[in-house]
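Structure assessment
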Amino acid sequence: MKITNQFKSILVFAGCVFPPTAALCQVQQTKSHFVVCIDPGHPSEVNSGYTVQNGTTETHVDWEVAMRLKKLLDAQGIRVVLTREIEHEVTRNKDRALIANGAHASLMIRLHCDAGASTGYALYYPDRQGTAQGKTGPSPQIINASEAAAGYLLEGIKPILQRHLVCGGIRGETKTLIGSKQGALTGSIFSQVPVVTMEMVVLSNPKDAAFAKTDAGQSLLAQAIAAGIAVYRLKATASLSATTLR
Ligand SMILES: [Zn+2]
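Keep in mind the model is a prediction, meaning the values are calculated, not measured. (Residues numbered from 1 in each chain as written. Predicted model: local features only at pLDDT ≥ 70, side-chain atom pairs only at ≥ 80, totals over all residues. Heavy atoms only, no water.)

**Focus on the overall build of the protein chain**
What counts is decided by this rule: For helices the rule is a DSSP run of H or I covering at least 4 residues; for strands it is a run of E covering at least 2, with both sets numbered from the N terminus onward. Here's how the labels work: a residue is buried when its accessible area is under 20% of the maximum for its type, exposed when over 50%, partly exposed in between, all with a 1.4 Å probe on protein chains only. The contact rule is simple, with two residues in contact once any of their heavy atoms fall within 4.5 Å. Values of accessible area rely on a 1.4 Å probe in the Shrake-Rupley scheme; residue burial ignores everything except the protein chains shown.
For the protein chain, the count of helices and strands is 9 helices and 8 strands. In the protein chain, which comprises 246 residues, the proportion classed as buried is 53%. Residue pairs in contact within the protein chain that sit at least 24 positions apart in sequence constitute 77% of those at least 6 positions apart. When the accessible surface of the protein chain is totalled, it reaches about 10600 Å², and 55% of it is carbon and sulfur.

Structure (structure tokens):
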């Protein structure tokens, strides 16, 4: 069987060690081996996220959306792992990845808010390997799987947020401040599972902040991400079945 890059990505997505047997992976899929690691981005060792912007903080928005997202995924029977248990717990970026790895997550979704002159949301994936704390990563398979995951996530997210926030599309982590220095974000370098970071709004933008501060805005962000995860789960499973049947 010809194993395409896309298929390799799906195998990684399915929590398999590459190269696995297709049959083993399909069993894991059909047994609903689907785990989502939700990573509320702050506080970390790099940034507490406590800077007040337009009356709220990044740490608070990240946490509120994470809790709403967890509730939505729980209701669908999807197993959720959080990178921390309470809003104000400091988790190192490396440890966030280790938690997702330990859970054999099918996806790690990292929730952040941006700051600056722009507006809206954007999805970031590791577009090349980076080095941090003596570790170089992620693997080429995880880079491919993360890019595919970002595409699937955006398919679900975009229609729900289109009347509320500007879509900044999909970007490589080399476009981020840390990624431009390290090659990738620390949480991605240590990740052995597909990883996507969402900058949900630009919190320094008053309009974005007004949206992100409200219960309605936080709920809509969570619904959008849950819809994206549903697309990811569906498309990956469909691709796997089609490949296995070939
Ligand atoms: Zn952040």
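**So, the nonpolar core**
We apply this condition: Take the buried Ala, Val, Leu, Ile, Met, Phe, Trp, Tyr and Cys residues and link them wherever side-chain atoms come within 4.5 Å; each set so joined is a nonpolar core.
The biggest cluster of nonpolar side chains holds 43 residues, and the ones touching the most others in it are Ile38, Ile109, Leu161, Met198 and Ile225. The leading source of residues in this core is helix α9 (residues 215-245), at 9 residues. Among residues more than four places away in sequence, those in contact with Ile109 are Val36, Cys37, Ile38, Asp39, Leu69, Leu153, Val196, Met198 and Ile225. Val35, Val81, Ala105 and Val195 belong to the second largest nonpolar core, which has 9 residues in total.

**Looking at the sheet that holds strand β4 (residues 121-125)**
Definition in use: Strand pairing follows a simple DSSP-based rule, namely that at least 2 bridges must link the two strands. Angles here are taken between N-to-C directions and fall from 0 to 180 degrees, while the axes themselves are lines fitted to C-alpha atoms, restricted in helices to the stretch in contact.
Within the open sheet, the 6 strands sit side by side as β2-β1-β3-β8-β4-β7. Their pairing is mixed. At either margin of the open sheet sits one strand with a lone partner, and together these are β2 (79-82) and β7 (167-172). Across the sheet, the axes of successive neighbouring strands diverge by a mean angle of 20°, strand direction being ignored. Strand direction decides the pairing type here: β4 and strand β8 (residues 195-202), joined by 3 bridges, are antiparallel.

**Observations concerning the coordination of the zinc ion**
To keep things clear, this is the line we draw: Any N, O or S atom lying within 2.8 Å of the metal counts as a donor, with the limit raised to 3.2 Å for Na, K and Ca; because water is left out of the atom set, some sites can appear incomplete.
For the zinc ion, every protein donor is listed as His42 (NE2), Glu58 (OE) and His112 (ND1), and the spread of their distances is 2.0 to 2.2 Å. Coordination of the zinc ion draws on donor residues from a single chain, spaced H-x15-E-x53-H in sequence. You can see His42 sitting in the loop between β1 (35-40) and α3 (58-75) and its partner His112 sitting in strand β3 (residues 107-114), a full 70 residues away along the chain. Looking at His112, the relative accessible area reads 13%, which means it is buried.

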